[in-house]
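# Coordinate inspection notes
The lines below spell out each chain.
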Amino acid sequence: MSSKPIERSARSFSLRLNLWYAAFFIFGCFALFLLAYFVLASSIQQKEKEVIRAKLEEYRAWYENEGLAGLSENFFNSRRRDKNAFFVCVAGPGNNTIFVSTPEEWRGFDLKELERSIRENRPWFSLSGRNHDHVWMFASALLGDGRLLQVGKSIDDSQALLMHFRFLFGVGMIVVIVLGYGGGAFLTYRALQPIRHLIRTVRSIIETGRMDARVPARATHDELDELVALFNRMLEKNQMLIRGMREALDNVAHDLRTPMARLRGTAEAALQSSADQATCREALADTMEESERVLTILQTLMDISEAETGTMRLDLAAVDLPELVRDVIDLYGIVAEDKKISLKTDLPDSLQILADRNRIQQALANLLDNAIKYTAQAGTVEVGVCRKDRDAVVTVKDTGVGISAEDLPRIWDRLYRGDKSRNEKGLGLGLSLVKAVVQAHRGSVDVDSEPGRGSVFTIRLPVGQVGKETDRIVAAGVAGAG
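Note that this is a predicted model, so its numbers are computed, not measured.

What follows covers the overall build of the chain. Regarding its fold elements, the chain presents 12 helices and 12 strands. At a minimum sequence separation of 6, the contacts of the chain that also span at least 24 residues come to 65%. Of the roughly 29,400 Å² of accessible surface on the chain, 56% is carried by carbon and sulfur atoms.

Quick look at the structure:
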C-alpha cells in the first residue's frame, strides 16, 4: 500500500513539471558558473602571460645589448628588488645550458622536463611538480645569435585562486540544486492550484451529483484562470440544460398523462359495455384523437431537436413572403371572426426569401394562432412584412393579455406554459418550434410584451440571392446533418 502513493507521485504532472523546472534552472546556473570559471581562468592566464612576456622582452634586451654577462648581472641585481622570483635559462644550439637561474622556492622543479621543452622549441608551456602541487609557466624566444632564452614564473597563486573558485562553485551548485527543486515545487504548486481546484470540483460532482459546485476563480487573468472561467460557464450551462431536461420531462409526463388516461378509460369503457357498434366506433374515434395528440407532441419535440442540432432537412426554395403570410391569415380568418377579432395586414406586393415554405408557414401559423388565442373578443391582431437592410422582417402584434416579466425569458423553452396559458388548449411547444425553425433558417425571433397591453413578435429572416444562397445553406445543412 505504501508504494502506491510514491508511484502515483512519480507519475504526477506536478512532479514532472517541478523536475523540468529544477533541471533547467540547475543547468542554466551550471552553464553560467562554467562560463564565469573559464572567463576567470582565461583572464588570469592572460595576466600571467603578460607578466612573463614583459620579463622575456626585458631579459632579451639585456642580452642583445650587453651579452650574457650583462644579462647575468642585471638579472641578479633586479631579483633583489623584485619580489617575484623568475626562472631564466639560456641554451645553446645543441640544447646545452649556458646560463640558468632557478628560484630557491621552486622545490620539486625537474630540469629534465625543461630540457625536453627546449628540444621541442615551444613558445609557451607549463610544467607541474613531482606531486602536482606546484605549477610553472614558461615562455621561450630565440636570441639574435641563435641561442634560446626561456623565462618562467610560478602560477601557484593563480591556481589556488581557481581552486577556491571551484570550491565555491561546488558549494553554490548545492545551494542551486536545493533552491531549484524547492523553488520549482513552490512555483509548481502555485501554478497548478487551479488544476487541483478543478479536480476537486469534478470529483465532488461525480461523488455527490450536485451540479452547483464551482471552481474557485483567481484574479490573475492568465490561461488557467480563463480555463477555470470557461469550466464554470460550462457547469452553469450543463446545470441549466439538466434543469431544463427535468422540467421538460415533468411537462411531458404531465401532458401525456391526460391523453394516456383518456385512452385507457375509453378502451376500458368500450370493453366493459355491451354497447352497439356506433358506441364502439365513437370510442375508437376518441382513442384516435388522443393518440394523435400524443403523436403531435412527440413529433413536435423531434422537430425542435432536429432544428436545434442542425439536422432538420430544409427544402429551400424561393418563397414570396407576403403571399405566404396571406395564406396563413386565410387559414385563421374564420377563427378570428368567431372571436370578433380584427385581422389587419401591412404587406408589400412581393418580397422573395430563400426558405422552406412549409416550415416557415408552420412557424407563422403558431404565432398567429397564439395571437388569436390570447386576444380577447373585439381585439386586434396586426401582421406586417417589410425589408430592413438584408433581412425580411415579419411582425405579429396583438392586443391580448401579454406576457409577464417572469415568464418572458422562458416562453421559448419546450413544454413551458405560463400561468395565464394553462387554461388554454395547447402543448406548450409552439414558440419553441417557432424559434427552432427560424434559427434553422439563420434568422432570429424576439418578443416585446407588457401584461394587459399585448405582445409583438418579430421574425427576421435573411434575404439573399436565390442561386448562391441556396447552395450555401444546403451545404451547411448537409454538414450539420453529417
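Now for the sheet that holds strand E9 (residues 380-388). Taken in spatial order, the 5 strands of this open sheet run E7-E9-E10-E12-E11, and their pairing is mixed. The open sheet has two edge strands, strand E7 (342-346) and strand E11 (444-450), and neither has a second partner. Adjacent strand axes in the sheet meet at a mean angle of 15 degrees, parallel and antiparallel pairs treated alike. Pairing between E9 and strand E10 (residues 391-398): 8 bridges, direction antiparallel. Across the sheet, Arg387 pairs through a bridge with Ala392, a residue of E10.

Together, Phe167, Leu168, Val171, Val175 and Leu179 give the surface a local cluster of nonpolar side chains, amounting to about 470 Å² of exposed area. Among the structural elements, Leu179 can be located in helix H4 (residues 156-191). On the accessibility criterion, Leu179 (54% relative accessible area) is exposed.

Turning our attention to the packing of helix H8 (residues 321-331) against helix H10 (residues 357-373). At a minimum axis separation of 10 Å, H8 and H10 run at an interaxial angle of 50 degrees. With respect to H10, the element H8 is oriented oblique. Handedness of the crossing formed by H8 with H10: right-handed. Listed contacts from H10 to Leu324, Val325, Asp327, Val328, Ile329 and Leu331 of H8 are Arg357, Ile360, Gln361, Leu364, Ala365 and Leu368.

Residues with a pLDDT of 70 or more make up 79% of the chain, whose mean pLDDT is 79. The lowest-confidence element of the chain is helix H12 (residues 466-481), averaging 42 in pLDDT; the highest-confidence one is E10, averaging 94. Contacts from residues 1-10, a stretch scored under 50 in pLDDT, to residues over four places away or in other chains number 3 contacts. Of the regions scoring below 50 in pLDDT, residues 466-482 engages in 18 contacts with residues more than four places distant in sequence or in other chains.

Let us now look at the packing of aromatic side chains. In total, this model carries 9 aromatic pairs according to the counting rule given. Ring centres of Tyr37 and Phe165 lie 5.8 Å apart, and the angle between their planes is 25 degrees; on these two criteria the pair is classed as stacked. With Tyr37 in helix H2 (residues 13-81) and Phe165 in helix H4, this pair connects stretches of sequence that are 128 residues apart. A relative accessible area of 18% places Tyr37 in the buried class.

In this section: the pattern of salt bridges. Scanning the entire structure with this criterion turns up 9 salt bridges. For the salt bridge of Glu57 with Arg60, the shortest nitrogen-to-oxygen distance reads 2.9 Å. Here Arg60 and Glu57 lie together in helix H2, a separation of 3 residues that amounts to about one turn.

Buried residues dominate strand E5 (residues 148-154), accounting for 6 of its 7 residues. Alignment of strand E1 (residues 86-91) against E5, held across 6 bridges, turns out to be antiparallel. Across the sheet, residue Cys89 finds its bridge partner in E5, namely Gln150. Both strand E4 (residues 135-142) and E5 contribute to a ladder of 7 bridges, which runs antiparallel. Across the sheet, Phe138 pairs through a bridge with Gly152, a residue of E5.

Let us look at the sheet that holds strand E3 (residues 124-128). Strands sit in the order E2-E1-E5-E4-E3 across an open sheet of 5 strands; the sheet is antiparallel. The open sheet has two edge strands, strand E2 (97-101) and E3, and neither has a second partner. Within this sheet the neighbouring strands show an average axis-to-axis angle of 20 degrees, counted without direction.

Attention shifts here to helix H11 (residues 430-440). The periodicity of an α-helix, 3.6 residues per turn, causes residues three or four places apart in sequence to face the same way. Leu431, Ser432, Leu433, Val434, Ala436, Val437 and Val438 are the residues of H11 that are buried. Once H11 ends, the next one or two residues include Arg442, with phi positive near 60 degrees.

With 45 residues, the main nonpolar core has Ile353, Leu364, Leu368, Phe457 and Ile459 as its most contacted residues. Top element by residues in this core is H10. It accounts for 8 residues. Those residues in contact with Ile353 that sit more than four places away from it in its chain are Ala317, Ala318, Val319, Leu321, Ala392, Leu461, Pro462 and Val463. Counting 19 residues, the second-largest nonpolar core is a separate cluster that includes Tyr59, Val135, Leu143 and Ile155.

So, on to the side chain of Asp225. Checked against the element boundaries, Asp225 lands in helix H6 (residues 223-272). A relative accessible area of 11% means that Asp225 is categorised as buried. Residue contacts for Asp225: discarding those within four places in its chain leaves Ala217, Arg218, Ala219 and Thr220.

Moving on, we get to the environment of Asp327. In this fold, Asp327 is placed in helix H8. In sequence terms Asp327 and Gln361 are 34 residues apart; their C-alpha atoms lie 8.6 Å from each other.

So, how was this worked out
- Residues numbered from 1 in each chain as written.
- Predicted model: local features only at pLDDT ≥ 70, side-chain atom pairs only at ≥ 80, totals over all residues.
- Heavy atoms only, no water.
- Helix = DSSP H or I, 4+ residues; strand = E, 2+ residues; numbered from the N terminus.
- Contact = heavy atoms within 4.5 Å.
- Areas by Shrake-Rupley, 256 points an atom, 1.4 Å probe, with all protein chains shown as cover.
- Pairing = 2+ DSSP bridges.
- Axes fitted to C-alpha atoms, helices over the stretch in contact; angles between N-to-C directions.
- Patch = residues over 30% accessible without salt bridge, like charges linked within 9 Å, V, L, I, M, F, W, Y side chains within 5 Å.
- Salt bridge = Lys/Arg side-chain N within 4 Å of Asp/Glu carboxyl O.
- Buried < 20%, exposed > 50% of the residue type's maximum accessible area, 1.4 Å probe, protein only.
- Parallel < 35°, antiparallel > 145°, perpendicular 65-115°, else oblique.
- Left-handed = near helix turned anticlockwise from the far one by under 90°.
- pLDDT = per-residue confidence, 0-100.
- Phe/Tyr/Trp six-rings, centres within 6.5 Å; stacked < 30°, edge-to-face > 60°.
- Core = buried A, V, L, I, M, F, W, Y, C linked by side-chain atoms within 4.5 Å.

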